[in-house]
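Geometric and topological summary
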2 protein chains.
Amino acid sequence: MRRGIEFKKKARIIIVDDNYEHLSGIKELIEIESDFDVVATATSASVAISLIKKYRPEIVLMDINMPEKDGLTAIAEIEKLDLGVRIIALTGYDDPDLIFRAMKIGAKGYILKTMASAQLIYAIDEVAAGKIYLPATLSSRFFEYFQQSFKEETENVEDEENLLNYLTQREEEVLDLLTQGITYKGVAQKLFISETTVKTHVNNIFQKLQVNDRTQAVLYALNNGFLNRRKVKIAI
Amino acid sequence: MRRGIEFKKKARIIIVDDNYEHLSGIKELIEIESDFDVVATATSASVAISLIKKYRPEIVLMDINMPEKDGLTAIAEIEKLDLGVRIIALTGYDDPDLIFRAMKIGAKGYILKTMASAQLIYAIDEVAAGKIYLPATLSSRFFEYFQQSFKEETENVEDEENLLNYLTQREEEVLDLLTQGITYKGVAQKLFISETTVKTHVNNIFQKLQVNDRTQAVLYALNNGFLNRRKVKIAI
DNA sequence: CCTTTTCTAGACCATGTGGTCTAAATCTTT
DNA sequence: AAAGATTTAGACCACATGGTCTAGAAAAGG
């Protein structure tokens, strides 16, 4: 926050909100309370995207709760344009799933409409400075959601009923090669065993995983965290 | 931070660090500067795990950079025990990948050894209160890493060179069924077309994806976001 | 030491799969 | 209307794959 020391060009902003009241409210607030330059506003995502292409602002304040084309898809599209626009997501309430998805697709900040005006300005300031802004309460919620989503992923992997647990070491090696789309012959060469041995292993794998062909075996392996296990062992 | 108002049991802590100097330094600091109760310390992850099982502390301070069994796998194991222990990761430098992985497997806080002692106490306080603690600089790095990892995921999907883009509608339908491990006959029945037609489609798919068999086709599809496309369209 | 599991490997057969070619009907697109 | 792409479908063949059974060597566990 070395404001005033370095040369600071006024950040140019576009505000998007389908509610005109909110839109003009935020616009006024920014124009009065800060020295940012609101170059345009839009009440729909599609209009917003054209405006962004035209004006190339540094910052976009994007309301997430909009009918028609919603804010999240709009963010995704803008990010895809790769214009270096930094997007701040705006919303009325703090749904952790919304925050997660917004951050996932590239939002650089997330603020609630209920927040104090000073904090809004501060958030824009931070994001304009290349940082990422999340209010403390939201970042906590974000992390909880983040951890939860990964916990669910790994829970399945460690599940008792994961048929992959019944595979022997050698069978795992064979399955590993199968999940790379390698044929009997290829597996035999890689493991220095005969082709018929590979077939035996593969058949045992099928029985243990209760499937009928390689594709299903590979799919079972992939869906039940087969690749993750070695990652867990080698490097988490 | 309503300290003193509510009834507050002294949080019990176990500290893990292979460097004995650091270990006793942190222990002393906590004992002098706070009212937490350091019930045990350990210089190795395996010892730490036994101690945790025995003492059931509320908080564990875990050094990530340890030889032998490293801190990350230790965290994963402790989380798997599901004892309600809240783990704070400790490290000397702020490697975004390390932070990401620690948070991913369930760390509730992340602090640098170089941080001021008051901040360490504050961090423990927060985590003990059920919150998640990340210093502002680290949370920024975390988010950048987080977004980067998802960006790479989606970049592939939208890539020009994604051979999936060359598939026709019908071919996509067929491939979709292949990724469910369905055979020629099954696909034919589901799509109400002849089995030989399915074979024609499948062969065209192979050529377009430059693969030789179904397994490879399925793997290509999965690795290049085939399933995501419909998700992207429906709900991001 | 003995038992059990795992890994190895062969035979045999039925069928699924992949490669190639041809070709008609049906869209699209210009 | 003509040209091109897509979808449909057949024939034919080589070979990879899957199912089942037997069986010895090696390793693991009690």
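Before any of the text, the structure's been laid out above.
Throughout what follows, the structure given in this document is the object of discussion. Not measured: the values here are computed from a predicted model. (Residues numbered from 1 in each chain as written. Chains lettered and ligands numbered in written order. Predicted model: local features only at pLDDT ≥ 70, side-chain atom pairs only at ≥ 80, totals over all residues. Heavy atoms only, no water.)

Section: the packing of helix α10 (residues 214-223) of chain A against helix α10 (residues 214-223) of chain B
Following both chains from N to C, one finds α10 of chain A and α10 of chain B inclined at 30 degrees, their axes separated by 9 Å at the closest point. Classed by the angle they form, the pair α10 of chain A and α10 of chain B counts as roughly parallel. Here α10 of chain A runs over α10 of chain B; the crossing is right-handed. Each of Arg214, Thr215, Val218, Leu219 and Leu222 of chain A in α10 of chain A lies in contact with α10 of chain B, whose residues at this interface are Arg214, Thr215, Val218, Leu219 and Leu222 of chain B. For the contact of α10 of chain A with α10 of chain B, the per-class residue count stands at six nonpolar, two polar and two charged. (Axes fitted to C-alpha atoms, helices over the stretch in contact; angles between N-to-C directions. Helix = DSSP H or I, 4+ residues; strand = E, 2+ residues; numbered from the N terminus. Parallel < 35°, antiparallel > 145°, perpendicular 65-115°, else oblique. Left-handed = near helix turned anticlockwise from the far one by under 90°. Contact = heavy atoms within 4.5 Å. Nonpolar A, V, L, I, M, F, W, Y, C, P; charged D, E, K, R; others polar.)

Brief notes about the protein's contact with DNA strand C
Neighbouring DNA strand C are 19 residues; Thr168, Arg170 and Ser194 of chain A together with Lys199 and Arg214 of chain B lie closest to it. Taking all atoms of DNA strand C within 4 Å of the protein, the share assigned to sugar and phosphate is 69%. Residue Arg170 of chain A places a side-chain N or O atom 2.8 Å away from a phosphate oxygen belonging to DNA strand C. Contacts to DNA strand C include Asn212 of chain B, whose backbone N or O atom sits 3.3 Å from a sugar or linking oxygen. Put simply, the parts of the chain that give the surface near DNA strand C at least two residues each are α7 (169-178) and α9 (195-209) of chain A together with α8 (184-191) and α9 (195-209) of chain B. For the surface near DNA strand C, the element with the most residues is α9 of chain A, which contributes five residues. (Near = heavy atom within 4 Å. Polar contact = N/O pair within 3.5 Å; in protein donor to acceptor, adjacent residues only side chain to side chain.)

Description of unusual backbone geometry
Residue and element names in this part refer to chain A. Here Arg56, not a glycine, exhibits a phi torsion of approximately 45 degrees, which is positive. Tracing the sequence through the fold places Arg56 in the loop between α2 (45-55) and β3 (59-63). One non-glycine residue, Gln210, lies in positive phi territory at about 60 degrees. With respect to the helices, strands and loops of the structure, Gln210 is situated in the loop between α9 and α10.

So, the sheet that holds strand β5 (residues 109-112) of chain B
All names here are of chain B. What the five strands build is an open sheet, ordered β2-β1-β3-β4-β5; its pairing is parallel. Two strands close off the open sheet at either side, each with one partner strand: β2 (37-42) and β5. Taken over all neighbouring pairs, the strand axes of this sheet differ in orientation by 20 degrees on average, direction set aside. As judged from the four bridges shared by strand β1 (residues 12-16) and strand β3 (residues 59-63), these two strands associate in the parallel manner. Considered in β3, the bridge of Ile13 is made with Ile59. With respect to the sheet, helix α3 (residues 71-81) is in contact with β3 and β4 (86-91), its orientation differing from that of β3 by roughly 155 degrees. (Pairing = 2+ DSSP bridges.)

As for the packing of helix α1 (residues 20-33) of chain B against helix α5 (residues 117-128) of chain B
Any two packed helices are characterised by the angle at which their axes cross and by the distance between the axes. Residues and elements named next belong to chain B. One can describe the packing of α1 onto α5 by two numbers: an axis separation of 11 Å at closest approach and a directional angle of 75 degrees. The orientation of α1 relative to α5 falls into the category roughly perpendicular. In contact with Ile26, Leu29, Ile30 and Glu33 of α1, α5 contributes Ser117, Leu120, Ile121 and Ile124. Taken together, the residues that form the contact of α1 with α5 break down as six nonpolar, one polar and one charged.

Looking at the protein's contact with DNA strand D
Taken together, 19 residues lie near DNA strand D, and Lys199 and Arg214 of chain A together with Thr168, Arg170 and Ser194 of chain B sit nearest. Counting only the atoms of DNA strand D that lie within 4 Å of the protein, the sugar and phosphate share comes to 70%. Arg214 of chain A places a polar main-chain atom, nitrogen or oxygen, 2.8 Å from a phosphate oxygen of DNA strand D. Here a base nitrogen of DNA strand D and a side-chain polar atom of Thr200 of chain B are 3.3 Å apart. In terms of residue count, α9 of chain B provides more of the surface near DNA strand D than any other element does, five residues in total. The residue inventory of the surface near DNA strand D, partitioned by class, reads three nonpolar, 10 polar and six charged.

Just geometry here; none of it tells us what the structure is for.
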